[in-house]
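# Fold and contact review
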Amino acid sequence: MVNKVILIGNVGADPEVRYLDGGVAVANLRLATTERYKNKNGENIDQTEWHNVVLWRGLAEIVEKYVKKGMRLYIEGRLRTRSWDDQNGIKRYTTEIYADNMQMLSSRQDSDPTGGNSRSYSTTGSDNMSTPSAGPISTPDDSDDLPF
């Protein structure tokens, strides 16, 4: 079975990062993706979806340091739905993307000494929650004529 989500979108607000007992970092952010299509009258319609993204441990620490409102991110992860009872005893549900990989496609203004290169971060190990690896994204070799 496969549970895989890939998103490219803009961060809607500065991420919220908190530390659980034992120093484990968890970050929550809202990511907006927009689909553009033409309706039957030929008018361009933008449809924006908001996604709740959860990042753990090393990825959360990277988010805390570098990710700000308005930045464009590439996120890979998996869907998780959880439920809870609200203060009135009504069962509530939310669906979130638990991120395994993140790439910053834009940088904070004037804060990136590398000149704004994209950076990629991912979890490693079997638990999908370990320390991220970081490094610049290499540019593709243009000598390959394949269209994909």
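Here we summarise the structure given alongside this text. (Residues numbered from 1 in each chain as written. Predicted model: local features only at pLDDT ≥ 70, side-chain atom pairs only at ≥ 80, totals over all residues. Heavy atoms only, no water.)

### Observations concerning the overall build of the protein
Helix and strand counts for the protein come out as one helix and eight strands. Ordered by position from the N terminus, the helices and strands of the protein form the series β-β-β-β-α-β-β-β-β. With 148 residues in all, the protein has 32% of them scored as buried. Accessible area for the protein stands at about 10,000 Å²; split by element, carbon and sulfur atoms hold 46% of it. (Helix = DSSP H or I, 4+ residues; strand = E, 2+ residues; numbered from the N terminus. Buried < 20%, exposed > 50% of the residue type's maximum accessible area, 1.4 Å probe, protein only. Areas by Shrake-Rupley, 256 points an atom, 1.4 Å probe, with all protein chains shown as cover.)

### Focus on unusual backbone geometry
Residues other than glycine seldom take positive phi values, yet arginine 57 does so here, at roughly 50 degrees. Within the secondary structure layout, arginine 57 lies in helix 1 (residues 57-66).

### Examining the nonpolar core
Most often, soluble globular proteins have nonpolar side chains that are buried together. Counting residues in hydrophobic clusters, the biggest one holds 21 residues, and the most contacted among them are Leu55, Val67, Leu73 and Met102. Val24, Val26, Val54 and Trp56 belong to the second-largest nonpolar core, a separate cluster that totals five residues. (Core = buried A, V, L, I, M, F, W, Y, C linked by side-chain atoms within 4.5 Å.)

### Describing the pattern of salt bridges
Tallied over the entire structure, the rule returns six salt bridges. Residue glutamate 76 pairs with lysine 4 through a salt bridge whose shortest N-O separation is 2.8 Å. Placement of the pair is glutamate 76 in strand 5 (residues 72-85) and lysine 4 in the segment before strand 1 (5-11), with a sequence separation of 72 residues. Residue glutamate 96 pairs with arginine 82 through a salt bridge whose shortest N-O separation is 3.0 Å. One end of the pair, glutamate 96, is in strand 6 (residues 91-104); the other, arginine 82, is in strand 5, and 14 residues separate them in sequence. (Salt bridge = Lys/Arg side-chain N within 4 Å of Asp/Glu carboxyl O.)

### Observations regarding the side chain of glutamate 76
Relative accessible area serves as the criterion here: at 16%, glutamate 76 is assigned to the buried category. A distance of 2.8 Å separates polar atoms of two side chains, one belonging to glutamate 76 and the other to lysine 4. A polar atom in the side chain of glutamate 76 sits 2.5 Å from the side chain of tyrosine 74. Excluding residues within four positions of it along the chain, glutamate 76 makes contact with Lys4, Val5, Ile6, Tyr98, Ala99, Asp100 and Asn101. (Polar contact = N/O pair within 3.5 Å; in protein donor to acceptor, adjacent residues only side chain to side chain. Contact = heavy atoms within 4.5 Å.)

### A look at the pairing of strand 2 (residues 16-19)
Pairing of strand 2 with strand 3 (residues 25-38) involves four bridges; the strand directions are antiparallel. Of the residues in strand 3, the one forming a bridge with tyrosine 19 is alanine 25. Count of turn residues in the strand 2/strand 3 antiparallel hairpin: five residues, of which glycine 22 carries a positive phi of about 90 degrees. (Pairing = 2+ DSSP bridges.)

### Focus on the packing of aromatic side chains
As enumerated under the stated definition, the model contains one aromatic pair in all. Note on tryptophan 56 and tyrosine 98: the rings are 6.5 Å apart at their centroids and 40 degrees apart in plane angle, and the pair reads as tilted. Here tryptophan 56, found in strand 4 (residues 44-56), pairs with tyrosine 98, found in strand 6; they are 42 residues apart in sequence, far enough to count as distant. When its relative accessible area of 13% is taken as the criterion, tyrosine 98 is described as buried. Its guanidinium or amino end placed over the ring of tyrosine 98, arginine 80 lies 5.0 Å from that ring's centre, counting from NZ or CZ. (Phe/Tyr/Trp six-rings, centres within 6.5 Å; stacked < 30°, edge-to-face > 60°. Lys NZ or Arg CZ within 6 Å of the ring centre and 35° of its normal.)

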